[in-house]
Every structure is written in C-alpha cells, then in structure tokens.
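# A look at the structure
The residues making up each chain are set out below.
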Amino acid sequence: MTRPNRRRFLAGGAAALLPAPAIAQRAAKVVVIGGGFGGATVARFLKRADAKLDVTLIVDSATFTACPFSNYVIIGLREMQAQQFGYDKLTAEGVTLAVSAARGLDAGKRTVALANDTTLAYDRLVLAPGIDIDWNALKGYDADAAEIMPHAWKAGAQTLLLRRQLDAMEDGGKVVISSPATPVRCPTQIYERASLIAYYLKTRKPKSKLIILDAKDTFSQQRNFQNGWKELYPDHLEWVSLSQGGGVSAVNAATKTFVTDFDNFSADVANPIPPQKAGAIAQSAGVADRTGWCPVEPISFESQLVPSIHVIGDAAMTGAMPKAAFAANAQGKVCAAAIAALLRGAKPAEPRLINTCYSLVAPDYGISFAEVFKPANGMLVDVEGAAGSSATNAPAEVRAREARYAEGWFKAITAEVFG
Ligand SMILES: Cc1cc2nc3c(=O)[nH]c(=O)nc-3n(C[C@H](O)[C@H](O)[C@H](O)COP(=O)(O)OP(=O)(O)OC[C@H]3O[C@@H](n4cnc5c(N)ncnc54)[C@H](O)[C@@H]3O)c2cc1C
C-alpha cells in the first residue's frame, strides 16, 4: 500500500489527506479500539456515514458496563445488569466485532495486534480506550490497595466491591472519599457519588457520616451541590477543600487511612478517586504525551503525535470539553463524519459539539449543566454565551423533574450507542 508522506501528512490540509490510490480500489478499513461510549458511537456512525467502509470494533469484553448511574448501583438502588450493554445492534448494522483486547500496534505498518494473536490492518485507526488508573500517582495506591479501598471509577467489579463494603458497614461508620486534581473522568460525578452515599447513610445508617477530602477549592456545579447538601445532609456530609487541608498525599490500605499535610483520616469505607491517564493502549501507541493524555486536533480528532490515528473520549485532551459519556458520544459522531470525509478526499466540516451533564443530589433531586464547544487555536473552546446550568434557587418540583430527565438521558444515549 502506498503510504502518505508522514511530514506532509502532519502538516495537514485537505490536499495532503486525499486517499492513497490503493485504498480507492477497495473498501477503506477503519479499526476502532474500545467499545464504550466513544468507540461504539464512532463505529456505528462510520457505517451510517458510508456503508461501504470496512469497520471493525475491537472490544475487550462482549459486554460493556457503563459508569453513568453506577453511583445508584453502589447505594443499592439499581442492579448492575441495568448498566450492561452488548453489541448485537452494531453488528446488525455491518460493524465487525473483534472480542479480544488490542495489545499493541505498529503505526508504521498500520496494524493492530490483538491478545488472541490476530493482526488487523487499518487505513485509519480510532482509539477510544477510556481511562486507566495512574497507579502510585497517589502514594500507596496500587492495584492491591484498590481491593481494600475501591476507586469504583471504572464500572464493574470495583462498583460492586464498594457496594458490599457500604452494605457491611455498621451504623455510626465513617465513609471517606478523596477527590483528585483535574483532568480526570467526569469529576462532577464524584460529588454525585458523595451525595448519593450521604442519602444512603441518612436513610439507612443515620449515625454514619461521609467526608470528601478534596484536592480542589472549587468544582463544577458547586453552588448547586452545596445548597443541596445544606438542605438534605447537614449531619451526614462534610466537604474539606484543598485550602482547608483536604489534599490527600498518600493512602495506607492496611489501616484504610488517608494522609493529608495536616492530618490522617481513617475510614470504615474508603473510596479514593485516584489520578488517571489515557488507557494503556494509547500510551503504548505513542499518542499520549507527558501529561498521560492524548493531544488531538479538534476537527477530526486526529492525533497531533501520530498520523492516521484518531483519539476520542476520555483518553483525548481536547481543551475545554470535559471527560464525559455525552462528550465521548458527541466526539464519536464528529470523528466518524470527519474520517468518512477524509477517506473520500474531502475536507471535514468544522463541528460544534455539545456536552450535558446531569447529577443526582438525591434520587428525586437532579441538577444539570450544558455547554457548547467549537474548535479554535488547535483545541476545543467554549462557545461564549451558550452554556447554562440549573438555577441555584430552583424549587423542589424542578429538582424532581431534572432527576427524571437524568434517567431519560441515560436511556436515550445508551439506545443511540448500543440499542
Ligand atoms: C461514577 C461515574 C459516573 C459517571 N456519570 C456520567 C454521567 O452522568 N454523564 C456522563 O456524560 N458521563 C458520566 N461519566 C463519565 C463516563 O463514564 C466516561 O466519560 C465515558 O465512559 C467515556 O467514554 P470512553 O468511550 O472514552 O471510555 P469508556 O466508556 O470507558 O470505554 C472504553 C472501553 O474501551 C475498553 N478498552 C480499553 N483498552 C482496550 C483495549 N486495549 N482493547 C479493547 N478494549 C479496550 C475499556 O475496557 C472500555 O470498555 C461517569 C463516570 C463515572 C466514573
């Protein structure tokens, strides 16, 4: 296969992006790694953009387990099965499924090696591996420690472990959550988790308490969360900001202790949310930089480091856009349209992307914010005047309505991606 000159490619521009003649003779091959919100979306929308494309989705499990609403699973208001989705509808639309983790790739030869020893060739590759925990970035927190102090920031076994620990905790116990500096996956939902666990304590174990130790002084939706906490959980939830000594520098799994510069906090149930980085395959592919995340150009989500590899979702470093399922889904659609355009020699259109995030302060108390993004100066920036969030003084019926909208959002996005 004739490959485009690497330097000319990186320089960008539609002329440099025309398909090589050899590709024009056959269906172009697009391989997608990771079947979560970003990867499943891009695979599905690539086929919809051009049914002739040969699209393969590499997944590490035949079942995907979603994080949104997993905080409900932790407090026993939802079962794990409601979080799980398969890929039948994608294969019915012509996406080829490869159920075996991608373990490495050769960007020069444009091939991906799978754990089952098969190799797949691609013309364009999309990486959507989500996050990995940056083990030991929080001193003392490694994979063994996570079996005692679960992070539950990837849904699945960790979610259920945290649920069992909460369930087993005596009334009068102490739950401690530590919250890291950004960027991390969906930081707003750390405060949703704290709220829902406080709801569980108030309703099931009222002598117990939850403390959030935070590496930040401010966070998204802060006024709305704090108003809700004051109203609903004055005796059950305490937030310790960075400047009040909330920054955790180490943990000790043997004693379930969080160490800050000023104090040690021991917990009956310990839930550290540790620093994170792009999924391992992105690190080994060379598309992640020293930050651990993957710089991309904001129109096609092509890597700024390796040509013909696109990165979407949590793994990507996009500027202002948060790491959220809604964002990964929006990026998947934009990336699919851009790749289809590039493969037919056209210039991708400049996109506008939306992210909306609902959080539950209690099962009948929802809050939300929405933002719009556009490309500028090599990244995504907020469209001024286009963002909005729930009013800080909204009445109870609005909060209850937003809680219902949150459930509607989850149904809608999972139906679009997997259904
Ligand atoms: C508690 C919690 C609540 C949340 N709530 C919300 C919410 O309300 N709204 C919202 O918008 N977002 C929410 N999020 C964030 C959301 O879950 C993520 O932003 C979203 O899943 C990112 O999508 P992604 O495709 O980048 O990664 P993922 O959805 O994690 O998908 C990545 C997939 O790739 C797989 N993978 C990784 N490496 C390989 C490999 N080498 N080979 C094959 N497969 C691989 C992974 O196992 C995974 O299945 C929440 C997150 C948490 C933790």
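Residues numbered from 1 in each chain as written. Predicted model: local features only at pLDDT ≥ 70, side-chain atom pairs only at ≥ 80, totals over all residues. Heavy atoms only, no water.

Strand pairing in a sheet relies on backbone hydrogen bonds, with the paired strands running either antiparallel or parallel. One open sheet holds the three strands; their spatial order is E6-E7-E8, and the pairing between them is antiparallel. Here the strands that pair on one side only, and so sit at the sheet edges, are strand E6 (102-106) and strand E8 (119-121). The average undirected angle you get between the axes of adjacent strands in this sheet is 25 degrees. Pairing between E6 and strand E7 (residues 111-114): four bridges, direction antiparallel. (Pairing = 2+ DSSP bridges. Helix = DSSP H or I, 4+ residues; strand = E, 2+ residues; numbered from the N terminus. Axes fitted to C-alpha atoms, helices over the stretch in contact; angles between N-to-C directions.)

Looking now at the site of the ligand. What surrounds the ligand is a group of 34 residues, the closest being Gly38, Asp60, Arg185, Asp314 and Ala325. Measuring from an oxygen atom of the ligand, one finds a side-chain N or O atom of Gln189 at 2.9 Å. With respect to the ligand, the side chain of Asp314 contributes an N or O atom lying 2.7 Å from an oxygen atom. Surface burial for the ligand is 90%, taken as the share of its 1000 Å² of free accessible area covered by protein chains. Elements with a contribution of two residues or more to the shell around the ligand: helix H3 (37-49), strand E2 (54-59), helix H4 (70-74), helix H7 (188-204) and helix H10 (325-343). With three residues, the single largest contributor to the shell around the ligand is H10. (Near = heavy atom within 4 Å. Polar contact = N/O pair within 3.5 Å; in protein donor to acceptor, adjacent residues only side chain to side chain. Areas by Shrake-Rupley, 256 points an atom, 1.4 Å probe, with all protein chains shown as cover.)

A few words now on the nonpolar core. Residues Leu127 and Trp229 are the most contacted members of the largest nonpolar core, which totals 107 residues. Per-element accounting of this core gives the leading share, 10 residues, to H10. Composition of this core by domain shows at least three residues from each of domain 1 (3-133 + 277-350) and domain 2 (145-274). In this structure Leu127 touches Ile33, Leu105, Ile281, Ala282, Ala285, Val287, Ile309, His310, Val311 and Ile312, once residues within four positions along its chain are discounted. Ala146, Met149, Ile211 and Val251 belong to the second-largest nonpolar core, a separate cluster that totals 15 residues. (Core = buried A, V, L, I, M, F, W, Y, C linked by side-chain atoms within 4.5 Å. Buried < 20%, exposed > 50% of the residue type's maximum accessible area, 1.4 Å probe, protein only. Domains from an automatic or database assignment. Contact = heavy atoms within 4.5 Å.)

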